[in-house]
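# Results of the structural survey
Each chain, written out:
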Amino acid sequence: MGCLIVPMLVCVSTPALADGPGDQIDDMDEQAEAVARAVSGKEAPGKSGKDILAVPLPITNPTLGTGLVVAGVAFYNPNNAPSPWITGGAAMKTSNGNWLVGGFHSMSLDGDRYRLNAAVGAGDLVMDYYGIGPEAGDRNISTNLHQKIAVVRLQGQMRVAPGLYAGVRMFYASVDATQKDLDPTYPDLAIPPGQENTDLAQIGPVVTYDTRDNSLNPRHGVYAHAEWLLSLKVLGGDFTSRKLTAGVSWYVPSGSKTVWALHGGLCGASSGAPFYDLCLYGQKNDLRGYKTGRYRDRASWAMQVEWRRQLFGRFGAVAFGGIGGTAPRLDRLDDTKFLPAGGVGLRYQPSRKTNINLRLDLAVGRDSRAVYLGIAEAF
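We now turn to the structure provided with this report. Model, not experiment: these values are computed from the prediction. (Residues numbered from 1 in each chain as written. Predicted model: local features only at pLDDT ≥ 70, side-chain atom pairs only at ≥ 80, totals over all residues. Heavy atoms only, no water.)

## Here we look at a nonpolar patch on the surface
A grouping of V120, V152, L154, V168, M170 and Y172 is seen on the molecular surface, where their side chains present a nonpolar patch of about 480 Å² in accessible area. Of all the secondary-structure elements, those providing two or more residues to the nonpolar patch are β6 (143-161) and β7 (164-180). Among the elements that make up the nonpolar patch, the one with the highest residue count is β7 (three residues). Topologically, M170 is positioned in strand β7. (Patch = residues over 30% accessible without salt bridge, like charges linked within 9 Å, V, L, I, M, F, W, Y side chains within 5 Å. Areas by Shrake-Rupley, 256 points an atom, 1.4 Å probe, with all protein chains shown as cover. Salt bridge = Lys/Arg side-chain N within 4 Å of Asp/Glu carboxyl O. Helix = DSSP H or I, 4+ residues; strand = E, 2+ residues; numbered from the N terminus.)

The following block contains the structure:
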């Protein structure tokens, strides 16, 4: 518990708040859980263990401004399952007007055969909006976009094979978007007509495959996921569309101090999807080095490789590089706007009792640079 007073706990993942309306809450929840695990000094409590933690997280970066996240997380295991139950919440406020509050719960039943999780959240997000398509991203001119959001996500999965889970996700988002300082010279900087105050209701299958030895700092194994969500008006939404997201990460150790991590991500959204549910290049750290949302289109993809090396004591270093891009549709990936990136980073392990790193990354894109400060690895 002494890790609570270490100044290096100034950490959240910087690109999180430029993703889709549900990703902001998910990312804040994931950071809260990761910090709680690091502070508790273990990956998870024992089968009869219990931890209740409250952690303040100061944050500062050019996108969000300066502020604070306060997180509370409880780990417990009422049915002696292989995976603990986790319940928590977090609140964030920054100097440029961003605020978020959220809560989450995950649980497993029948010896981890069934996994259930839920998240809720609300907030007011301030971000830069560049328009849709590669030309808008290349222009690098944005307008100020305010989004008042409220989201609910429910998911249930069943183990169908060792490490393989399949199930259903339900998602609802209410988004009230307003813009300021629109430049009439660039009419495409305005969000599409009729999408200022809308609801998004989705349902669809979710598949996860996980053989990692550690969820926050793996040395070997594979993690893969795929979600195909249908937006339906019959569920109470304003849109009829489809969205596919998928990713796979592979971890290969090389000796006792080196790990090679490889990652690929894919996104595709159909016509009819709102501007906030399109594919945002760089989302979920698919490729660092670009402000998430600068390049936004109906399809995106990315591939990257990262070399992770323990240096001495609690310190480590990484080097990474990759390439990806955006496209008008998934079936037109040959019309990709290629966007490479690479960078280096430092790692610090705040507690010797757990294998969770604080990370500081510097990434460079085609014509952009970005700094990322967070806890746990990017993927």
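## Side note on the packing of aromatic side chains
Following the criterion strictly, the structure yields nine aromatic pairs and no others. Taking 5.7 Å as the distance between ring centres and 40° as the angle between the ring planes, the aromatic pair formed by F312 and F315 counts as tilted. Classification of F315 by relative accessible area gives partly exposed; the value is 40%. For the pair F315 and Y348, a centre-to-centre distance of 5.1 Å together with 50° between the ring planes defines the contact as tilted. In this pair, F315 sits in strand β15 (residues 315-327) while Y348 sits in strand β17 (residues 341-348), placing the two residues 33 residues apart along the sequence. Over the face of the ring belonging to Y165 we find R115, whose NZ or CZ atom lies 4.1 Å from the ring centre. Directly above the aromatic system of F320 lies the positively charged group of R288, at a separation of 3.9 Å from the ring centroid. (Phe/Tyr/Trp six-rings, centres within 6.5 Å; stacked < 30°, edge-to-face > 60°. Buried < 20%, exposed > 50% of the residue type's maximum accessible area, 1.4 Å probe, protein only. Lys NZ or Arg CZ within 6 Å of the ring centre and 35° of its normal.)

## Some details on the environment of T178
Of note, T178 is situated in strand β7. A relative accessible area of 41% places T178 in the partly exposed class. The spatial distance from the C-alpha of T178 to the C-alpha of N144 is 8.5 Å, given a sequence separation of 34 residues. Beyond its immediate stretch of four places on either side in the chain, T178 contacts N144, L145 and H146. (Contact = heavy atoms within 4.5 Å.)

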